[in-house]
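What the coordinates show
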Amino acid sequence: MVWARADRDAPDATTTEDVVLTVTPTAESAIREIIATAPIGDEGGLRISTDSGSDGQVGFRLSLVDSPEPLDRVVEDVEVPVYLEAEAAPLLADGVLDATIEEERVTFTVGPKA
């Protein structure tokens, strides 16, 4: 579960408004390594979808997928495939996906741009 900024009105997921999620170089490198060792297809990548925590707060689920879902948004300006579920995309607008790597464990976090 990662932090979600859900304290503001999110635009409707079906709008054409640009959704910009920044992926840090550390997160991009971690995603690249994970994808390289996973048995996924050529269109495979990291998909970020919404997930409700036990406390009722909105969080995100990160998973490897063979291909994006039809309504998924593709994160631009990164060299690894990152897909955003339509419901997650507005919540991630202007956010930053980062990663912390400790030994062989990767922890992803989402936060606001500084």
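Since this is a predicted model, take the numbers as computed values, not measurements.

1. Here we look at the side chain of Ser 49
Considering the arrangement of structural elements, one finds Ser 49 in strand β2 (residues 45–52). Looking at Ser 49, the relative accessible area reads 8%, which means it is buried. The contact partners of Ser 49, leaving out residues within four places of it in the chain, are Gly 59, Phe 60, Arg 61, Glu 85 and Ala 88.

2. Here we look at the environment of Pro 68
With respect to the element layout, Pro 68 can be found in the loop between β3 (58–65) and β4 (73–74). Looking at Pro 68, the relative accessible area reads 27%, which means it is partly exposed. C-alpha of Pro 68 to C-alpha of Gly 45: the two residues are 23 residues apart in sequence and 7.8 Å apart in space. Ignoring anything within four residues of it in the chain, the contact list for Pro 68 reads Glu 43 and Tyr 83.

3. With respect to unusual backbone geometry
The backbone of Asp 94 sits at a positive phi, close to 60°, despite the residue not being glycine. Take Asp 94: it is sitting in the loop between β5 (82–84) and β6 (95–102). A positive phi is found at Glu 103, a non-glycine position, where the angle reads about 55°. Looking at where Glu 103 falls in the secondary structure, it is placed in the loop between β6 and β7 (105–112). For Glu 103, a relative accessible area of 81% puts it in the exposed group.

4. Considerations on the sheet that holds β5
Taking strand neighbours across the sheet as the criterion, the four strands line up as β3-β2-β5-β4 in an open arrangement whose pairing is mixed. One side of each edge strand has no neighbouring strand; the edge strands of this open sheet are β3 and β4. Two strands pair when backbone bridges link them, and β4 and β5 are joined in this way by two bridges, in the antiparallel orientation. In the strand pairing of β5, Val 74 is matched with Tyr 83. Contacts from helix α1 (residues 25–36) reach β2, β3 and β5, with the element oriented near 105° to β2.

5. A closer look at α1
Think of an α-helix as 3.6 residues a turn; residues three or four steps apart then line up on the same face. Between its first and last C-alpha, α1 extends 16 Å over 12 residues, near the 16 Å set by a 1.5 Å rise per residue. Within the sequence span of α1, burial applies to Ala 27, Glu 28, Ala 30, Ile 31 and Ile 35. The buried residues of α1 all sit within an arc of 165° when viewed along its axis, so they share a single face. Exposed residues lying more than 90 degrees from the buried face of α1 are Pro 25, Glu 33 and Ala 36. Close packing links the buried residues of α1 with β1 (21–23), β2, β3, β5, β6 and β7.

Calculation criteria
- Residues numbered from 1 in each chain as written.
- Predicted model: local features only at pLDDT ≥ 70, side-chain atom pairs only at ≥ 80, totals over all residues.
- Heavy atoms only, no water.
- Helix = DSSP H or I, 4+ residues; strand = E, 2+ residues; numbered from the N terminus.
- Buried < 20%, exposed > 50% of the residue type's maximum accessible area, 1.4 Å probe, protein only.
- Contact = heavy atoms within 4.5 Å.
- Pairing = 2+ DSSP bridges.
- Axes fitted to C-alpha atoms, helices over the stretch in contact; angles between N-to-C directions.
- Expected span 1.5 Å × (residues − 1).
- Arc of directions from axis to C-beta.

Note that every value here comes from positions in space, so none of it alone points to a role or purpose.
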